[in-house]
Amino acid sequence: MCGIIGYIGKQSAGPVILEGLRRLEYRGYDSAGLCVSEGKGLNLVKRVGKIDNGLGPLVSSSPVQGRVGVGHTRWATHGAPSDQNAHPHLDQSGRVAVVHNGVIENHETLKGHLELEGCEFESETDSEILAKLIGLHYQKAAKQEKDEEHPLARAVSQALKEVIGTYGIAVVSADDPDTIVGARRGSPLIIGVGQDENFLVSDVTAAVAHTRQVVYLNDYDVVTLTADNFHVTNLGTQTAQRQISEIEFSPEAAELGDFPHYMLKEIFEQPRTVENAMRGRLDHDEVMPKMGGLNMTPAELRAVEHVVFVACGTSWHAALAGEYALEEFAHIPVTVEYASEFRYRNAPIEKGTLVVAITQSGETADTYAALREANRRGHKGLAVCNVVGSSIAREADGGIYLHAGPEIGVASTKAFTSQATVLSLLGLLMGRMRMLSVSRGMELMRALEQVPEQISKILEANDRIRSIALKYSQARHFFFIGRQYNFPTALEGALKLKEISYIHAEGYPAAEMKHGPIAMIDEATPTVVLIPSDSLYEKTFSNLKEIKARKGPIIAIASEGNDRLENEVDDVIYVPRSLEPMSPLLNVIPLQLLAYHIAVERGCDVDKPRNLAKSVTVE
Ligand code: G6P
């Protein structure tokens, strides 16, 4: 949510920042801007709208000069998307520029103080207040006696001591063209360490084309960056030693390749990403998954009496699928919580509860806060996370990485299947430590291992799924229903469609339709019925008939070999047979493709759906 980048080095900063902003655009695309220090002054350009319609053409028509600068892509919080509200924001002198990701909660109080100091505001944003505040401290710092600390860094530190809220910021000054200062609290900020050039980014994808050496900053860190060095202090602990790490994915992993959209590319990556989630983690001899990163001894794992999953969005749906798996395999009671609710509710969590945060980005503010709340109450907190080095991954006591590679499409796809895979492994592990037999464990492991190939097979039906999608692309409402393991998948199918095509869609447990939603069914309202040939096939079939009796069109997602359905429903998409716990991994694939093709047909911007952002780092 909001992407920020700072660059200092040998290259012309404008094009480097613009390219970085394109890579960060999935974090927010309401507006974009950049500011480059030219030596004498600052060159600021910003424009409402996506980069290709706004900032991009503006920078091409009047290139900005200079080798140091900052840039920003915005997902609006305070103030509507507009040129004025776009970042960077300037201080009162017009010689300091700030980009900010986060929310300044005491912005009104600070604004009052700043107005008394003579500051005038051009935007409705909380971020401009930060710019003015840093500017005032900078003027004072310049007058103070010189000490070891850089005046801009000192000004940033002093300003931040007055701030309540979250921030990832990058600051440049016309009077210090050899420096960028950055700071973070609650919003990600990473140094990209290059050869005679350095970067400050909210996401490694913005720097990976230039360097794979990164430094993950901690909360309250303030960094002073020059072209050939960086120096980190911490507002709390004062001293700070930060290690350089290597990014594990290649720059190509974040490229579109031959695909028209990242979402489609990521859907097609799933045979490999699901395999990666299992790689090296299945011990056939012991019939036990191996997950070293959990940092828990077998005794600690055996002592777990209750699991709480905290998550948002698609990750919450994966958590629901995980609930079914953990309860079935390990007989451990599981509660799935919306992180945003959990963090403020006084939910009783008993002794022996393991809290697991499930998050693709590892930056979602609510999930982060929920994990911290659990820690504060003395519970161990694990993370199931994709982004290595992300805030949640580093804060957790242990966890499981997905190894799915960067997910750029705003609508999450491959993260869901990887999360569901990893949660099945966790269920298997905890199950085998309790009552799950060797034979059932082996059966589940074998079924899991077949999933990548089975997903490949479903993907071969892409053209057919597209033709079905075209048939229903003008529907105004959609239902998705399924039972047991297929209920979370139904929710996920509905979410995908809503997110990218703006069609109203709802997911329900199949049997719940008759308790209300069935009132919505008519000839123009299709229902996607997840109906594998499993233990509840006949029950789901009855629910399907109830909808058909009300003239609702039906798209069935059924098991290969089921020739009974062809005459009962309007369209059928077949998926390979597997064990029931594997159904979320298989049945979600046609739903992702259905949503994708419907959205494309409706002319929607699939990778940048309206009003959304990939990584939600504000509450
Ligand atoms: C945003 C994204 C969703 C994602 C959710 C949780 O809303 O648009 O696709 O599922 O955040 O993100 P996380 O990174 O925590 O999984």
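Anything mentioned here points back to the structure above.
The present account deals with the structure reproduced in this document. (Residues numbered from 1 in each chain as written. Predicted model: local features only at pLDDT ≥ 70, side-chain atom pairs only at ≥ 80, totals over all residues. Heavy atoms only, no water.)

1. Describing the pattern of salt bridges
Thinking step 1. Scanning the model with the defined rule gives 30 salt bridges in all.
Thinking step 2. Among the salt bridges present, the one from Lys50 reaches Asp605, with a minimum N-O distance of 2.7 Å. Remark: Asp605 occurs in the segment after α18 (583–601) and Lys50 occurs in the loop between β3 (42–48) and α2 (55–61); sequence separation between them is 555 residues.
Thinking step 3. Taking relative accessible area as the criterion, Lys50 reaches 23% and is therefore assigned partly exposed.
Thinking step 4. Notably, a salt bridge pairs Glu328 with Arg440, separated by 3.1 Å at the nearest N-O pair. You can see Glu328 sitting in helix α9 (residues 313–330) and its partner Arg440 sitting in helix α14 (residues 438–459), a full 112 residues away along the chain.
Thinking step 5. A residue is classified by how much of its surface remains accessible, and Glu328, at 33% relative accessible area, is partly exposed.
Thinking step 6. Ionic contacts of the salt-bridge type, sharing partners, join the residues Arg184, Asp219, Arg372 and Glu395 into one network. (Salt bridge = Lys/Arg side-chain N within 4 Å of Asp/Glu carboxyl O. Helix = DSSP H or I, 4+ residues; strand = E, 2+ residues; numbered from the N terminus. Buried < 20%, exposed > 50% of the residue type's maximum accessible area, 1.4 Å probe, protein only.)

2. Remarks on the site of the ligand
Thinking step 1. Residues in close proximity to the ligand total 14 residues, the closest being Ser315, Thr359, Gln360, Ser361 and Thr364.
Thinking step 2. Gln360 has a polar backbone atom sitting 2.7 Å from an oxygen atom of the ligand.
Thinking step 3. When isolated, the ligand has an accessible area of 390 Å², and the protein chains bury 90% of it.
Thinking step 4. Counting residues per element, the shell around the ligand draws most heavily on α9, which supplies three residues.
Thinking step 5. Its residues assigned to classes, the shell around the ligand comprises four nonpolar, eight polar and two charged. (Near = heavy atom within 4 Å. Polar contact = N/O pair within 3.5 Å; in protein donor to acceptor, adjacent residues only side chain to side chain. Areas by Shrake-Rupley, 256 points an atom, 1.4 Å probe, with all protein chains shown as cover. Nonpolar A, V, L, I, M, F, W, Y, C, P; charged D, E, K, R; others polar.)

Honestly, that's just the spatial picture; any functional story needs more than this.
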